[in-house]
Each structure stands twice: as C-alpha cells, then as structure tokens.
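Results of the structural survey
Listed below are the residues making up each chain.
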Amino acid sequence: MKKKVFIGVTVVVAVLVVIAGVKALQIGKLIGFAKNFVQPPETISSAVAEPQDWPDTIPAVGSVSAAQGVTVASEVAGTVTEIAFDSGAAVAKGDLLVRLDTSTETAQLQAAQAQVELARLNADRLHKLRESNVVSQSELDTAEATLRQNQANADEISSTINKKTIRAPFAGRLGIRQVNLGESLDARAPIVSLQSLTPIYADFPLPQQALSVLTTGLVVQVSSDAYPGEKFDGAVTAINPDLDTTTRSVLLQATFANERELLRPGMFVHVEVILPQTQPVLAVPATAVLSAPYGDAVYVIEPQAADGVTNLIAQQKFIRTGRMHGDFVSVASGLKAGDRVVTAGIFKLHNGDAVQENNKDTDSPKASLSPNPPNS
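Residues numbered from 1 in each chain as written. Predicted model: local features only at pLDDT ≥ 70, side-chain atom pairs only at ≥ 80, totals over all residues. Heavy atoms only, no water.

**Quick word on the pairing of strand β3 (residues 78-83)**
Judged from the two bridges that link them, β3 and strand β8 (residues 184-185) form a sheet pairing that is antiparallel. Each bridged residue has a counterpart across the sheet, and for glycine 78 the counterpart in β8 is leucine 185. One ladder, built from three bridges, connects β3 with strand β5 (residues 96-100); its direction is antiparallel. Across the sheet, glutamate 82 pairs through a bridge with arginine 99, a residue of β5. (Pairing = 2+ DSSP bridges. Helix = DSSP H or I, 4+ residues; strand = E, 2+ residues; numbered from the N terminus.)

**Topic: the pattern of salt bridges**
Evaluated as defined, the whole model comprises 11 salt bridges. Between lysine 348 and glutamate 42 there is a salt bridge, with its nearest N and O atoms 3.8 Å apart. Linking lysine 348 in the loop between β17 (340-344) and β18 (353-357) with glutamate 42 in strand β1 (residues 42-48), this pair joins segments that are 306 residues apart in sequence. Since its relative accessible area comes to 39%, lysine 348 is described here as partly exposed. Taking the relative accessible area as the measure of exposure, glutamate 42 reaches 25% and is therefore partly exposed. With a shortest N-O distance of 3.5 Å, arginine 340 and glutamate 357 are connected by a salt bridge. Residue arginine 340 is located in strand β17, and its partner glutamate 357 is located in strand β18; the two are separated by 17 residues in the primary sequence. Residue classification places arginine 340 among the partly exposed positions, given a relative accessible area of 30%. Since its relative accessible area comes to 33%, glutamate 357 is described here as partly exposed. (Salt bridge = Lys/Arg side-chain N within 4 Å of Asp/Glu carboxyl O. Buried < 20%, exposed > 50% of the residue type's maximum accessible area, 1.4 Å probe, protein only.)

What follows is the structure, encoded as structure tokens:
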C-alpha cells in the first residue's frame, strides 16, 4: 500500500515539474520577445521654428460708443397724436418722429397773430400821424412797443408748437418705441433711442509707458465675441491730453467706418493698436504647442543613431510663449531657429517616442499669418 502511494506522489511531482518547466520556457520566450520588441514609429506632421517679422502691437480692451447718441424726449408735456416711425428704423436728420396735440396752441397762435396785425396797423397809422406832428413821439413809441410785445407772444406760442413736433436731431438708427398713440407725456419723458452707427467710436485705455509711440492715425483693429474670427479696421483719431491719476493710463478713441453696422454702442471689444515698426520673433504653428497647468511644451524631432540606424525621436521641451499672430505663436525661450516641431499627432506622443514625418498626405490645414476667418 505504501509503495502505491509513493509511486502516485512521484508521478504527480514529475507532472508538476514538467508543467513548471514548460511554463518557465514560455515565460522566458515572452521576456525575450518583449526585450526585442520595437514600438512602430508614430506618423506625425511637422514644421520648422523660423524667425519672422511681426507687426508690433499694443493690446487693450475697450468699449464701443456712438459718434452721436441720444434718447429723444419732448421738452414740453402733451398728448401723442401721431407716431411717424417704426422701431429699429433708419432715419435722416429732420425726419418727423412724434407729434403732440397742438390744438390749444394753434388757437392761441391765431389770436396772437390777430393782435400782432392790429398792433402793426396801429403803429403804421401813428407813424404817418407823427410825420405830420399830429401825435407825440411817446404815443408812437408805445404803439411800436405793443407791436413787439404782441409779436413776441406769437413767437412764444409758435415755439411751443414747434417743440410739440419732435424730429430726429441727426441721422441714425432708432431703438424700440417707448410711447403709444394717445399717451399723455410728461416733459422729458423718453420717446425712443437714436444712435448714429456710421461712423462709430471705440474708447480704450493704454498705460502711460505707451505714450512715446502713440499718435493719431495709427491703425487699430478690434474684435468682439459677437463675431468670432472677424476683425474691424479703424484708426486712432483722438488721445486724451490728461491721464487717469488712479490707473496712470491714457484714454484713446479710434474711429471705424462700420458700414454694416455690426459694431453697436456699449459693446465690449478686444483692441490691438498696430505700430509702424515690426518685431523679430521665433514663430511656430499654434497647433505645435501643448498647453498644460505646469507650462507649455512642444515635441522637437531629433535624429537618434542606434545599431547603425538613425531614427527620428520626439523629445518634449518646455517653452515660454508670447503673443499670437494668425495661426502662429511666438516662442520667447526654449527653442532655437531651425528646430523641427510636431504640429499634428501631438496628443498621441510620449517623450522619446519614435516618429515618422508625413507632411503631404494630411488633412490638417496649413498655418497662415492671414487665415480666413482671421486669427482662427
């Protein structure tokens, strides 16, 4: 019995030893395969960091204001009898907007004009009598004074009638109507907003350090979140002679043609004042920059020789970026001219990965200093 148990244990141990040997052999082969495995290179697109001359600009933020803008109101109280405009309509200078009830003033004017006519006849009569020395000079003076007084009364009534006929003080675009037909208006009650949109202004501050290069006529470009990718060109037309004593900044005003009336009063805009001189920069496409909380980085393509074969390796380098222009970003430090950087396929790379360049068969758009839409 003991002999059978011994034989059975021996057989089991032998089987386990064989299985362990087989597994060890398999694991050894896998380890050897892993040691000899080479990751295939990642296909990427690339570009060369190259020096460029960019227009020197001063950035700012500003607000759009109308060349002329008012809230039209009546100087006198009255009842609305006619509304001659539609909300949002364009009007010319002098166009009728609202007419108030003038029936009382019209009747008063007729009475006053009758008194003026009577006073004029009386003055003419006394003037002829004075030539014959029939009446005294004081009687003639009294008659002429009465004529002037009656004429002034008539003019006052006529002025009131004119004030109740409300017209556009300048050409522009109307806002939303704030009155209704038959409504009784108080003096200075708002009727409608009127804004002149062509041309239009953008007001913005700049620090006092910029005063030495600022002058009227400089080209200004503004952009708004309301129109992504679109730039509006204008020029500096006014510079405040005094500075803000709190911020030590100077206020500038730029004028824009605004033919399409896209810029509206009160709009927030990003401003760039373009200086006449250019600035040398080292530029790379913006798609080459990998932004992260710990800093910006790029992958630089470098040759690496191993076993007599030269491969291309992507090495991560941290850089300090500057301003953007078109599809490019300037690099203040971390790169040198001639470095080749990865522009497409950057998110699948790790430091030290092998790469192969393909700048022909790619759907990535080519970086441009003047993209369409602008600065996309």
